[in-house]
Amino acid sequence: MKTLLTQHQLDEGVSRLASEISHYYRGQPLAIVGVLTGSIVFLADLIRRLNRSLRLGLVQASSYRGAATSPGELVIHTGLLPELKGQHLLLVDDIYDTGLTLDGVIRQLIPHGPLSVRSVVLLRKHGRKIAAIEPDHVGFEIPNEFVVGYGLDYRGAYRNLPYVASLEAAELSDTPELMPDSSLRGST
Ligand code: 5GP
Ligand code: MG
């Protein structure tokens, strides 16, 4: 495991994002919605640097990989959403990889009637983009490596690391029986 972003770098990056976001939404009603589960550490640090009023909520995005559903189909659980009508919506996610998660979440939240929808991601991985949408605020650009820590997991582990590390190929195993979640649903 190789450290990619230290606690100090994360701290500076999150402060920079908080200042961008504060300036952008100055004087506007704001709802911040984190995408479970990977965003929670970033979300908690980010909102504590926003010195303003805001609504907070969460969505869970699950991609169903079962034979009965088309691959990558995204199901969004909206039970923890705040009221979005009359609010500008800022989505918070851990990492932009293909962009399909963010794209799917945005499409499904637009009908809830926010004044606008933008997004912030802690990390953007290079060379994997499929979706047309771009995140509006990006903490760090990273190479195409599998990363863990600061909310990001590998098979349910490492979310509580206070830094971001990349796992080497030898540390990534595809043995299906070791998967912590043996159901067909994969939560990001
Ligand atoms: P996308 O839909 O943009 O391809 O993927 C976004 C989701 O995939 C992220 O929210 C995250 O949960 C997961 N993901 C993508 N790349 C990585 C990675 O390098 N490490 C981890 N732990 N999760 C990733
Ligand atoms: Mg995620």
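Scroll up to find the structure.
I will try to describe carefully the structure that is included in this document.

Reading the values: the criteria
- Residues numbered from 1 in each chain as written.
- Chains lettered and ligands numbered in written order.
- Predicted model: local features only at pLDDT ≥ 70, side-chain atom pairs only at ≥ 80, totals over all residues.
- Heavy atoms only, no water.
- Core = buried A, V, L, I, M, F, W, Y, C linked by side-chain atoms within 4.5 Å.
- Buried < 20%, exposed > 50% of the residue type's maximum accessible area, 1.4 Å probe, protein only.
- Helix = DSSP H or I, 4+ residues; strand = E, 2+ residues; numbered from the N terminus.
- Contact = heavy atoms within 4.5 Å.
- Polar contact = N/O pair within 3.5 Å; in protein donor to acceptor, adjacent residues only side chain to side chain.
- Salt bridge = Lys/Arg side-chain N within 4 Å of Asp/Glu carboxyl O.
- Pairing = 2+ DSSP bridges.
- Right-handed = clockwise from strand over helix to strand, strands pointing away.

1. Focus on the nonpolar core
Line of reasoning, step 1. Membership of the largest hydrophobic core comes to 25 residues, with the highest contact counts inside it found for Phe42, Leu46, Val120, Leu122 and Leu123.
Line of reasoning, step 2. When residues of this core are traced back to their parent elements, those giving at least two are helix H1 (7-24), strand S2 (30-36), helix H2 (40-47), strand S5 (88-96), strand S6 (116-125) and strand S7 (137-142).
Line of reasoning, step 3. Here this core takes five residues from H1, the largest share from any one element.
Line of reasoning, step 4. The contacts of Val120, once residues within four sequence positions are left out, are Leu17, Ile21, Phe42, Leu46, Leu90, Leu91, Val92, Asp93 and His137.
Line of reasoning, step 5. Counting residues in each nonpolar core, the second largest holds 19 residues, with Val33, Leu84, Leu102 and Val138 among its members.

2. Details of the side chain of Ser39
Line of reasoning, step 1. For Ser39, the location among the structural elements is in the loop between S2 and H2.
Line of reasoning, step 2. Look at Ser39 and you get buried, because its relative accessible area is 0%.
Line of reasoning, step 3. At 2.8 Å, the side chain of Ser39 forms a polar contact with the backbone oxygen of Val35.
Line of reasoning, step 4. In this structure, Ser39 is in contact with Gly34, Val92, Asp93 and Asp94, ignoring residues within four places of it in sequence.

3. Some words on the pattern of salt bridges
Side chains that carry opposite charge are capable of pairing whenever their charged atoms lie near each other.
Line of reasoning, step 1. Scanning the entire structure with this criterion turns up eleven salt bridges.
Line of reasoning, step 2. When the shortest N-O distance is used, the salt bridge between Arg124 and Glu141 registers 2.7 Å. In this pair, Arg124 sits in strand S6 while Glu141 sits in strand S7, placing the two residues 17 residues apart along the sequence.
Line of reasoning, step 3. On the basis of relative accessible area, Glu141 is assigned to the partly exposed category, the value being 40%.
Line of reasoning, step 4. Salt-bridge contacts for Glu134 lead to Lys129; the nearest nitrogen and oxygen are separated by 3.4 Å.
Line of reasoning, step 5. Overall, the relative accessible area of 36% leaves Glu134 in the partly exposed class.
Line of reasoning, step 6. Salt bridges here are not isolated pairs; linked through shared partners, they connect Arg124, Lys129, Glu134 and Glu141.

4. Side note on the pairing of S5
Along any regular strand the residues' side chains alternate between the sheet's two faces.
Line of reasoning, step 1. Buried residues dominate S5, accounting for nine of its nine residues.
Line of reasoning, step 2. Pairing of S2 with S5, which is carried by five bridges, proceeds in the parallel orientation. In the strand pairing of S5, Ile32 is matched with Leu90.
Line of reasoning, step 3. Where S5 lies against S6, eight bridges are found, and the strand directions are parallel. Considered in S6, the bridge of Tyr96 is made with Arg124.
Line of reasoning, step 4. In this fold, the crossover linking S5 to S6 by way of helix H3 (residues 100-109) has right-handed handedness.

None of this, on its own, says anything about what the molecule does.
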